[in-house]
Structures are given as structure tokens and as C-alpha cells.
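# Structural overview
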Amino acid sequence: MSVIKIKRFNPEKRKDSYFQEFNVDLKPGTTLLDALNEIKWEQDGSLTYRMSCRSAICGSCGVKANGHATLACQKQAENLLDKNDVITVEPLGNMPVIKDLVTDFKQFWEKVDQVKPFLKNEQAPPEKERNQSPEQFKLIDDSSTCIMCGACYSDCNVLEVDDKFLGPAALAKAQRFVGDSRDEDTLERVKELSEPGGIWDCTHCGECVERCPKPAQPFYRIKEIMTVALEKGVHNNNGARHALSFTKSIKNSGLLNENTLPVESMGFTNIKGLLELVPVGLRMLLKGKVPPIIHKPCDELNDVKRIFKELDQ
Amino acid sequence: MIKHDVVIVGSGLAGMRAALELCKDHDVAILSKVYPSRSHSGAAQGGIAAALGNSGDDSWQEHMFDTVKGGDYLGDQDAIEEYCKAAPRVIYELEHMGCIFSRTPEGKIAQRSFGGHSKPRACFAADRTGHSILHALHEQLLKNSKSIKIYSEWYMHSLISDGSRCAGVVVSDVRTGAMETMHAKAVIFCTGGYGRVFKITSNAFASTADGVIAAFNAGVPLEDPEFVQYHPSGLWRQGILFSEAARGEGGTLLNGDGKRFMETYAPTRMELAPRDIVSRAEQSEINEGRGIDGKDFVHLDLTHLGEAKIMERLPQIRQLGIDFIGVDCVKDLLPIQPTAHYSMGGIPTDINGQVILNHGDGKATPMEGYFAAGECACVSVHGANRLGTNSLLEAVVFGERAGRAALEYLKTAGFAPINESQEKTKVLNQVEEIYQSDGSESYNEVRTEMKETMTSLCGVYRNEENLKECISAVKDLQSRFKKGKVTDKGKLFNTELYEIMELGNMLKMAEIIATSALQRKESRGGHSRTDFPKRDDDNFLHHSLVYKNGEELEIKKRPVTITKYKPVERTY
Ligand SMILES: Cc1cc2nc3c(=O)[nH]c(=O)nc-3n(C[C@H](O)[C@H](O)[C@H](O)COP(=O)(O)OP(=O)(O)OC[C@H]3O[C@@H](n4cnc5c(N)ncnc54)[C@H](O)[C@@H]3O)c2cc1C
Ligand code: SF4
Ligand code: SF4
Ligand code: FES
């Protein structure tokens, strides 16, 4: 018997959340969703979560398993057992909980809405299809696989401290249009996406890539938008400047080496990779004078939050 | 009470396409029990058919012939003609909206082969075509959000009608449990299929027959419910789908002896014969002990395609194999079995999505203000068996047509009177009955037994004895259902309660499917009777219409519309 330890919350009955353990006999081939269903159907009908396709395509069943967001239907339960034969299941993060594992996606969808998630092209369409080469298709192939499951959003470190950040899913969706050869609004789009709350607020921690169940992999999409923005000459904005000065100051003060703990726990280790990622534009920008924001090592989460606040102003 | 000009129930391809047709002129509500972009259309992998001719010559006439023949001559040819003619236009429109498609080297929409289609006709976006179209339409919904009100995670309980005119629906908000009546001049049902009635199925948990049963309860007959499609490549024991695209790209089927057994059943089309034929071939191999190790599955072999092609054309399928059974199809064989996949039958409509109550004396009597499109409807373009990629097309073409028909209707129609409290009370009583039941039975057992019964007694192969046993078993389950045990009596996001109501609908649907299967004493398309192995055009070249007659089912006939192609024997 294995144990599935589930974070329960039902405000109709009790104000706070609590953990409850269920014993389940995990047969080979059982997904985490199968295990939740077994509990709901055989032990406690009030256990609440979303599901529909059970084949990793509808995006309904996102939960946290052992602290990390995942699709319940996509993971073999066996592989999630810790050394004590336990799987800990909690609702997705960075969203209010409605009941048990069901969270409120309102803000998530509002942010998707903010990136104007539809093709903009005012030309009269041709009689047949618009041409798009396989290479052009490739540029939006990955971003278009997003199933809006919210796994990336749940585990994004920036969203934990700054809920103004558009977040990985909305930005991946934005790339779907920035990269689309048929869209006419590229410049407008990258300008808006370069505003505070947009691409430059991402700390490049790569968490969303770890969590994404699809090739959408938001961080790479964010990088692609940055590249387009810089190529289009969109760098004279607060977002880009803040991000760049932040990067530079961390480099200059050597924080990456001296103070790896908070840096790593917040996932900043990838920042130095920024230079390699968007080579031309960034090197060009870094030639300009950018005042360092961080003057002393930050060894507390609070400091990091303060830095984000500073960045916001 | 909530009021809208038009209420669309269901936000898959059909529902969203209908909404776009109406939103310029009217106040539209679209309601879905799952968030719109989580509708089951998104699971469609392989493609959407249209004779674009991007990969060699093609024509709507050939598409039409393939569809008629694929449906074993039960499809209505006037509808099929309109549908195949409209196909290229609707695909181009989707492309113009921004829908993503895989491309040919010249930049046109790429097309590939699919079972039963004589030409490479399936437009696709890798192996996530449904997802790509669903999200493109969803994007348009967001773009038009001022005139389309989305009721996400709302459940439709019943259709309000006086028997001849429809006036709205009774719904509830899953999140709060609040029950509401929605008053509307027109209602469009796009509630999808009901594969969940079966144990082995490719369908989502949401595909539970709510829409068709709400129609049925309001006096609308259900057409051709006995025709259920079993898809040949469901993941063993799970039913999760490996798209036919896998065979379209060159995948082969092997039995326990390692033999390509389709040679025996469809020597010319081999693995690309229509689904009913391939599924029966598999089931025969399994029944005759030639499954893998004598078990109830065969192998799908993609290993010869190579990693590059699999990654370009079938990446998601590869991932499904890895995630769900730890098999990487680049190196290993996938274990598959037939899986209940698609419902050819449904709410009878004319070619414009107008719901038809009966066809007395060759004259169709509509239910005014009530339209249906997509998998829940039966136009019928698929006849006795649907060809792969024809269903996404149906949802888009008839979603649009139903939207237009409603638009036309709204030019003159007003709100029909309704008795709000009476309609609400009916549904509230239903909920109360569930809460008051004695709790001596387990809903889970009832559900499991229903699924097992339907898969084993009303599956790929059927016969009189099994069907009779099936019907009586289902009736027994219906009475056990009345004594089920509920744990959650709260209002907040009570998914247990909704699952119970869905089960109630499925139990009725199961009875309807089996009863209609029992009366059709022939084998045609997806309906295969071992005791009547031949098609019988003399006695059964007609649609079945199942009516509610008190607690009994009454079955009537409707002739098939035949225009261009006279029925001939169907061989591949
Ligand atoms: C795995 C799989 C792969 C497929 N691949 C292909 C393919 O490659 N090509 C092809 O042509 N076809 C394919 N099909 C078939 C095709 O996907 C469906 O027939 C089609 O998408 C149905 O669309 P729809 O709009 O009618 O319904 P759906 O997309 O199923 O939508 C139904 C809607 O109704 C809503 N609903 C249902 N009941 C209620 C209720 N009580 N209250 C509120 N809302 C409700 C749901 O929430 C949902 O929004 C596939 C099907 C499956 C299962
Ligand atoms: S890489 Fe950026 S978007 Fe992704 S989780 Fe980290 S901070 Fe968030
Ligand atoms: S980007 Fe990936 S993790 Fe984020 S919502 Fe889309 S599919 Fe889910
Ligand atoms: S149930 Fe659809 S993604 Fe898991």
C-alpha cells in the first residue's frame, strides 16, 4: 500500500486547509489521476479536482505533486513515490484555491487576454490559404502546443513575488503571434511585451521549462520574443533597461559566486547565460551605461523581493 | 433568470464556430461544463478532411464518394454533397483566422492519407489538429468577448420546450451550485459524443451524453444511436487514442504471429481501410487467439518510420506511448485494441442544423428555435461509419450552418414563454432524489458495470442474445442507480454530484444504444451482428429514430436520401 497525502480545503466546512492521507494500492500503469479517481470513487466522493481528457491534452488536471506542478494524468504514480512510499499532492500555486485541488484560473486567463492572443492581419485574405513555409511554421510550432494547464504559472518564481508579471503561459502564447509570419503586429506586440510585467521581468530561472508538459516550454519562447524585440530595436524601455542593469550588477558584484544560496534558490543562476542567449542585441545594449541596482549581497528572500519592488518603480 | 438571444451549449469546434456566426448581430451565450479550450475537440490528433488538392489531384466529388461508401450507404447524400463542397472554404477560413497547419515545402497546407479516403486529404497540424483548431477558434472567441458571454464550468441540465418550440435551458454554475434558467430565443446544442458509456474508450471524461439525453427527455428522438465507431488503435486497457495518422504515415498492424493480418481482411487498402473494418479485423484476430501472447491486443508497428519522421509528424503520439505505458514507438511496438471512439448517431437535424422531431409523410417537423451540430447531432453525413478526419470537418461545417440557421430564425423570433419555477423545480427534484437515496449501492460499481456490460455485450461484435442480456443488465443498473451513495452534499464545486447526473444520462443512453442495435438485424458500418453478418438493404436501408414513449422506447424509421451513388457492396 502506498500513501497519497492530499491537501484538502473546503471553505463550506472548515476555514483552513489540512493534509489527509489515503492508502492506495498502485498497480503498474496507474497514473496519478487514476489514483485520485480511485480515491474519489472508492473512498471519499468529496475529493475535488478537475479532469477531462486523461491524455495530457486538455490541460484540466494540473496539480502539485511533491511540490512541483504537473499533469496528474501524465505521470505514472509509481514514479512519484518518495522513499517512504508517499506522494504529496497539493493544488497549483500562484492561484487562489477554490476547493481541494481546484484553483481559480481567473488571473491566469486575464493575462492570456492581455497579450491579445489572436492573429492580427488587416489585409484581405487570399482566395486560398496564406502561404507559410515549413521553416516559418517551425517558429510557432512549439508555442502552439500549449494546453493552458497552468503548470508553469504555478511554479514561476517571479509570480510568487510579483503578480503583475504576465507569466510564462501568456508569454508563450504571445510568442505564438510574435513569431507568426502571418501576423502584422509584431512591432506593436514586442513593444507592449517589453513593458514592466513583460518579458524582461522573467529571471530566466528555467522552472517553467522543467514543469511544462508540452514542447511549449515558455522560457525559450520568452527568449525568442526578446531576440525579436532587440532585433526590432525595442530596447529603450524600462523593462529591458532594468533587466539588463540587474544582470550586469549581479555580474559585477559577483553575487553569483559569493552568495549562491539565495541566488540559486530563486533560480537566478541562469542569468549570466543571458549574454549567450541573445548575443547581438544584448552585447550592443551592454555597451551603454547602466547603473547597478544591487549594491550589497542579498542573503534573504526579502531582499530579493525588495529588489523586485525597486525594479517595479 | 438569465436572458440571451441565443444560448449555445458546448464549446468544442461546433459550438465555437456557431458562436462566431452569431456574435456580430446578437447577444450570444456559450456554456460549457469544462473551460472552453478544454473541450474534447482538442484531443483530435490526425487531421481535418478537405479536397484542397495540395498533395495531388482531388475533388469534392471524390470526397463525397469516399464518405458515402465509408458510411456504408447510410449517409444522406444531399447533406454529404454540401458538406464536401464547403470543406475547402471552411479550411481556408480557419487558416485566415490564424489556425496553424503543417505545410508543404511550397508553403501550402500539408495533407496526408487517412483510412477510407482515396486521396491524401487530411489537413493537419502535426498530430494535434483538433487542438490547433480549437485554440484558433478560442482565440476568436476572446477577440469577440464583448458580444459573446462565456459561461465556463456551467452545466446544462435540461432543455425547456413545450414539445414544438424551444425556450431555453436549465443550467447550474459548477462553482457555486446555483441553479438558473436561461431564457433564449434560440438554443444550439453542441455537446459532443458519449463514448464514456463504454469501458474501453478514447473519449474524455466529459463525453457523457448529457446533451442527447436532454433532447431525448424533451421529446426529440435520437437517430441511429446503434452506430458507434470503434477505433482500431486504442492503447491497450486504457483506450487512449493513437491516431490513425500513425497508419496514414505508414504504421503497420501485426498479430501474435508477427503477421500483417490486414492482408486477409482488406488486401487493397490494408491498414488504411475504414475503421470499422480494421477494428473488426483486430477483434477477429483477438477472438481467434492470435492476439499478442493470446491476449486481447495486437501491435502497431512504427519502428520503420524512423525517429525523424516520428518527431516531425507524430511527436505527441510518441510521448503518449512513453508516458502511459513506457513504450517508445521509435524502438518498440505499441500494444493496441479497438476503442469506442465516435458516435455516428445523435440529435436528428436537417442540413442546416435545425432539429427535426419527425418525418411523417416525408415532411419534416422541426422543433422551432432548437438547433444542433457536431458529434451530438446526426445530419447524417457519416451514415453507418465515419471516416477519419470527417468529424472535425462536420463540427466546423455544421457549426457554421447551425449558427447561420439560428441567425435567420432570430430575424423574426422572440422569446417563448416559460414557467421558470416549474422548470427549475424539475431539476432540483432530480438533485433531491439523489440526496435522498438510501445509499445502499455504489455509483462507482454501477458505472463500472455499465461500461463493462456495454463493451462486452454491445461492442465491436453484437448478437441478439448478448444485446438482450445487455438491455436487461442496463435496466437493472438503472434501478440500482436510484439507491447510490453520495458523500458530498455541499454546493461548492461538487464534482461528485455532476458525475452522478452524468451517470444517469449514460445509463439511459446505454439502453438506447443497445435497444436500437437489437432491432437492426443486419451488419452495416460500425454495427456488426454475428447473427446477421450481411448488409440488408431490402429491410434496413433506413435511419432508426428512437423516441421516448413513457418509460418505453419506440423505434421508427426514416428513409435515407440517395442522390448520386446507389448502394453497392462495400469492399476495400
Ligand atoms: C482522441 C480523439 C481523436 C480524434 N481525432 C479526430 C481527427 O483526427 N479528425 C476528426 O475529424 N475527428 C477526430 N475525432 C472526433 C472529433 O474530435 C469529435 O467528433 C469532435 O471534435 C466533436 O466536436 P464537438 O464540437 O461536437 O464536441 P466536443 O469538442 O466534444 O465538445 C463538447 C462540448 O460540450 C460541452 N458539454 C457537454 N455536456 C455538457 C453539459 N451538460 N453542460 C455544459 N456543457 C456540456 C463540453 O464541455 C464541450 O465544451 C477524435 C476524437 C477523439 C476522442
Ligand atoms: S524562466 Fe521566467 S517565466 Fe519561466 S518560471 Fe522562471 S521566471 Fe518564470
Ligand atoms: S506553457 Fe506549458 S506549462 Fe504553461 S500552460 Fe502551456 S502547456 Fe502548461
Ligand atoms: S485530464 Fe486532460 S490534461 Fe490531464
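Coordinates for the structure precede this section.
Cut-offs applied
Residues numbered from 1 in each chain as written. Chains lettered and ligands numbered in written order. Predicted model: local features only at pLDDT ≥ 70, side-chain atom pairs only at ≥ 80, totals over all residues. Heavy atoms only, no water. Helix = DSSP H or I, 4+ residues; strand = E, 2+ residues; numbered from the N terminus. Rg over C-alpha atoms; globule rule 2.2 N^0.38 Å. Buried < 20%, exposed > 50% of the residue type's maximum accessible area, 1.4 Å probe, protein only. Contact = heavy atoms within 4.5 Å. Areas by Shrake-Rupley, 256 points an atom, 1.4 Å probe, with all protein chains shown as cover. Near = heavy atom within 4 Å. Nonpolar A, V, L, I, M, F, W, Y, C, P; charged D, E, K, R; others polar. Buried area = accessible area lost by both parts, 1.4 Å probe. Salt bridge = Lys/Arg side-chain N within 4 Å of Asp/Glu carboxyl O. Polar contact = N/O pair within 3.5 Å; in protein donor to acceptor, adjacent residues only side chain to side chain. Axes fitted to C-alpha atoms, helices over the stretch in contact; angles between N-to-C directions. Parallel < 35°, antiparallel > 145°, perpendicular 65-115°, else oblique. Expected span 1.5 Å × (residues − 1). Pairing = 2+ DSSP bridges. Core = buried A, V, L, I, M, F, W, Y, C linked by side-chain atoms within 4.5 Å. Phe/Tyr/Trp six-rings, centres within 6.5 Å; stacked < 30°, edge-to-face > 60°. Lys NZ or Arg CZ within 6 Å of the ring centre and 35° of its normal.

## Focus on the overall build of chain B
A tally of helices and strands in chain B yields 16 helices and 20 strands. Expected size for 572 residues packed as a compact globule is a radius of gyration near 25 Å; at 22 Å, chain B falls within 12% of this value. In terms of overall dimensions, chain B has a C-alpha envelope of 65 × 55 × 50 Å along the principal axes. Here chain B holds 572 residues, and the buried ones make up 68% of them. Long-range contacts, defined as pairs at least 24 residues apart, comprise 74% of the intrachain contacts of chain B with a sequence gap of at least 6. In the form shown here, chain B has an accessible surface area of approximately 18500 Å², with 48% of it arising from carbon and sulfur atoms.

## Let's talk about the site of ligand 3
Taken together, C146, I147, M148, C149, G150, A151, C152, A169, C212, P213, A216 and P218 of chain A are the residues near ligand 3. Of the residues belonging to the shell around ligand 3, the class tally is 11 nonpolar, 1 polar and no charged.

## What to know about unusual backbone geometry
Following V379 of chain B, the chain continues to S380 of chain B via a peptide bond in cis, the omega torsion being 5°. Tracing the sequence through the fold places S380 of chain B in the loop between β18 (377-378) and α11 (390-410). The phi dihedral of N66 of chain A is positive, around 50°, even though this residue is not glycine. A positive phi angle, close to 60°, is found at N94 of chain A, a residue other than glycine. Residue placement: N94 of chain A occurs in the loop between β5 (86-90) and β6 (97-99).

## Re the interface of chain A and chain B
Taken together, the contact between chain A and chain B spans 64 residues of the former and 59 residues of the latter. Both faces combined, the contact of chain A with chain B buries some 5000 Å², and carbon together with sulfur accounts for 51% of it. For R182 of chain A, the salt bridge is made with E95 of chain B, and the minimal N-O distance between the two is 2.9 Å. Between chain A and chain B we count 37 residue pairs in polar contact (both at pLDDT 80 or more) in total. Elements that contribute at least two residues to the side of chain A that touches chain B include exactly α1 (32-42), β6, α2 (106-114), α3 (134-141) and α6 (168-178) of chain A. Top element by residues in the side of chain A that touches chain B is α1 of chain A. It accounts for 6 residues. Split by residue class, the side of chain A that touches chain B holds 27 nonpolar, 18 polar and 19 charged.

## Some words on the environment of T268 of chain B
Residues and elements named next belong to chain B. Considering the arrangement of structural elements, one finds T268 in the loop between α7 (262-265) and α8 (275-287). Residue classification places T268 among the exposed residues on the basis of a relative accessible area of 64%. With 255 residues separating them in the primary sequence, T268 and L13 have C-alpha atoms 34 Å apart. A distance of 3.2 Å separates a polar side-chain atom of T268 from the backbone oxygen of Y572.

## Section: the packing of helix α13 (residues 443-457) of chain B against helix α14 (residues 464-481) of chain B
All names here are of chain B. It is the contact of α13 with α14, at a shortest axis distance of 10 Å, that shows an interaxial angle of 170°. The pairing of α13 with α14 is recorded here as roughly antiparallel in orientation. Residues Y443, E445, V446, E449, M450, T453, M454 and L457 of α13 touch α14, and the partners they reach there are N466, L467, E469, C470, A473, V474, L477, R480 and F481. Among the residues making up the contact of α13 with α14, the classes are represented as 11 nonpolar, 2 polar and 4 charged.

## Details of helix α15 (residues 495-519) of chain B
Over its 25 residues, α15 of chain B runs 36 Å from end to end, which matches the ideal 36 Å to within 8%, given 1.5 Å per residue. Measuring from the side-chain oxygen of the N-cap residue of α15 of chain B to the backbone nitrogen of E496 of chain B gives 3.2 Å; that N-cap residue is N494 of chain B.

## A few points about the side chain of S544 of chain B
Residue and element names in this part refer to chain B. Tracing the backbone through its elements, the reader meets S544 in strand β19 (residues 542-549). Judged by its relative accessible area of 1%, S544 is buried. Only 2.6 Å separates the side chain of S544 from the side chain of E226, close enough to count as a polar contact. Within the structure, the side chain of S544 is placed 3.1 Å from the side chain of Q519, a separation counted as a polar contact.

## Examining the sheet that holds strand β20 (residues 552-559) of chain B
All names here are of chain B. Pairing is antiparallel in the open sheet, where 3 strands are placed in the order β10-β19-β20. Every interior strand has two partners, whereas the edge strands, β10 (222-223) and β20, have only one. Both β10 and β19 contribute to a ladder of 2 bridges, which runs antiparallel. Residue E223 lies in a different strand from β19, and its bridge partner there is L545. Packed on one face of the sheet, α15 meets β10, β19 and β20 and runs near 55° to β20.

## Points about the site of ligand 2
Residue and element names in this part refer to chain A. Taken together, 13 residues are adjacent to ligand 2, and C156, C202, C205, G206 and C208 come closest. Contributing elements (two or more residues each) for the shell around ligand 2: α8 (207-211) and α9 (218-231). Of the residues assigned to the shell around ligand 2, the class counts are 9 nonpolar, 3 polar and 1 charged.

## Here we look at the sheet that holds β5 of chain A
Residues and elements named next belong to chain A. Pairing within the open sheet is mixed, and its 5 strands lie in the order β2-β1-β5-β3-β4. Of all the strands in the sheet, just β2 (18-24) and β4 (68-71) have a single pairing partner and so form its edges. Adjacent strand axes in the sheet meet at a mean angle of 35° when their direction is disregarded. One ladder, built from 4 bridges, connects strand β1 (residues 2-8) with β5; its direction is parallel. The residue of β5 that forms the bridge with V3 is V86. The strands touched by α1 within the sheet are β1, β2, β3 (62-65) and β5, with β1 carrying the most contacts at an inclination of about 75°.

## Quick word on the side chain of S39 of chain B
Residue and element names in this part refer to chain B. Among the secondary structure elements, S39 is positioned in the loop between β2 (28-32) and β3 (48-49). Judged by its relative accessible area of 9%, S39 falls in the buried class. Polar contacts involving the side chain of S39 include one to the main-chain carbonyl oxygen of P36, which spans 2.8 Å. Leaving out residues up to four positions away in the same chain, S39 has contacts with S11, G12, S32, V34 and L134.

## Thoughts on the nonpolar core
In globular proteins that are soluble, nonpolar side chains generally tend to be buried together. Ranked by internal contacts, the top residues of the largest apolar core, which has 84 residues, are V169, F189, I347, Y370, M454 and M509 of chain B. It is α15 of chain B that contributes the most residues to this core, 14 residues altogether. Residues I4, I39, C146 and V158 of chain A belong to the second largest nonpolar core, which totals 73 residues.

## Observations concerning the pattern of salt bridges
One pass over the structure, following the stated rule, counts 70 salt bridges over all chains. Taking the shortest distance from any N to any O, the salt bridge between R211 of chain A and D155 of chain A comes out at 3.4 Å. Of this pair, R211 of chain A sits in helix α8 while D155 of chain A sits in helix α4 (residues 151-155), and the two are 56 residues apart along the sequence. On the basis of relative accessible area, D155 of chain A is assigned to the buried category, the value being 6%. One salt bridge connects R558 of chain B with E223 of chain B, and the closest N-O pair in it is separated by 2.7 Å. Here R558 of chain B, found in strand β20, pairs with E223 of chain B, found in strand β10; they are 335 residues apart in sequence, far enough to count as distant. Neither residue differs from the other here; R558 of chain B and E223 of chain B are each classed as buried.

## What to know about the environment of Q316 of chain B
Structurally, Q316 of chain B can be placed in helix α10 (residues 315-325). For Q316 of chain B, a relative accessible area of 11% corresponds to the buried category. Contacts of Q316 of chain B, omitting those with residues within four sequence positions, involve I57 and K214 of chain A together with Q45, D127 and R128 of chain B.

## Things to note about the packing of aromatic side chains
For the structure on display, the rule yields 16 aromatic pairs over all chains. Each ring, one from F108 of chain A and one from W109 of chain A, has its centre 5.3 Å from the other, and the planes form 90°; the classification is edge-to-face. Like F108 of chain A, the residue W109 of chain A is buried in the burial classification. Joined through ring pairs, the aromatic side chains of F105, F108, W109 and Y153 of chain A together with Y35 of chain B make up one cluster. One Lys or Arg, R112 of chain B, reaches over the ring of F124 of chain B and ends 3.9 Å from the middle of that ring.

Treat this as a map of the structure, not an account of what it does.
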